[in-house]
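Read off the chains here:
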Amino acid sequence: MNKTTIITSLRTNNYSFEDNGDQIIIKLARGYFLKLYIENDIVVKNEDMVKQFGLLNGKSLKLIFKIGIIGYLIYILFFVLYCILDSQFFSSGGKYFIIVLVPIMLFQLLEFLSYNSRLSKIKKLLNLND
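Residues numbered from 1 in each chain as written. Predicted model: local features only at pLDDT ≥ 70, side-chain atom pairs only at ≥ 80, totals over all residues. Heavy atoms only, no water.

A. Structural context of the overall build of the chain. The helix and strand inventory of the chain stands at 3 helices and 4 strands. Listing each helix as α and each strand as β along the chain from the N terminus yields α-β-β-β-β-α-α. Against the globule reference of 14 Å for 130 residues, the chain gives a C-alpha radius of gyration of 20 Å, more extended than a compact globule. Expressed along its principal axes, the backbone C-alpha trace of the chain runs to roughly 65 × 25 × 25 Å. Here the chain holds 130 residues, and the buried ones make up 32% of them. The long-range fraction of contacts in the chain, counting pairs at least 24 apart against all pairs at least 6 apart in sequence, stands at 39%. Seen as two clouds, the 15 positive and the 10 negative side-chain charges of the chain have centres 5 Å apart. (Helix = DSSP H or I, 4+ residues; strand = E, 2+ residues; numbered from the N terminus. Rg over C-alpha atoms; globule rule 2.2 N^0.38 Å. Buried < 20%, exposed > 50% of the residue type's maximum accessible area, 1.4 Å probe, protein only. Contact = heavy atoms within 4.5 Å. Lys, Arg positive; Asp, Glu negative; His and termini not counted. Charge placed at Lys NZ, Arg CZ, Asp CG, Glu CD.)

B. Expanded view of the packing of aromatic side chains. With the rule as written, the count across this model stands at 2 aromatic pairs. Plain terms: the ring middles of Tyr32 and Tyr115 are 4.2 Å apart, the flat faces sit at 35 degrees to each other, and that makes the pair tilted. Residue Tyr32 is located in strand β3 (residues 32-39), and its partner Tyr115 is located in helix α3 (residues 94-125); the two are separated by 83 residues in the primary sequence. A single burial state applies to Tyr32 and to Tyr115, both of which are buried. Ring geometry for Phe65 and Phe112: centres 4.3 Å apart, planes at 15 degrees, overall stacked. With a gap of 47 residues between them, Phe65 in helix α2 (residues 61-85) and Phe112 in helix α3 connect regions that are remote in the sequence. When sorted by exposure, Phe65 lands in the same class as Phe112, which is buried. (Phe/Tyr/Trp six-rings, centres within 6.5 Å; stacked < 30°, edge-to-face > 60°.)

These figures come from the coordinates and say nothing about function on their own.
Structure, rendered in structure tokens:
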């Protein structure tokens, strides 16, 4: 697929993108991008990127999700150890902490699934292999 057909298919499907000469940057959301590197009217490389603050800037969507889930699991491990050692935890309001923690993790999972499905739709539209 050459560059002009990529641009026309993105315009017809109302995807926002930037044309920077030898690369096309497709915006999935506010901080999520798909970069297509083009040489001689052929897509040579594609990579999805997440731009956030901190150390995780410029990483892929799947890597950001894995790092976030591992961080939550480590945090939950210490939290579970505290619950085991303190028998009065649930009677002193610990259940509310769990009620708040679960939706935060579910939000991250749903956000990943949403952006991953949008990313796969774009890749399917442009006939890119994963």
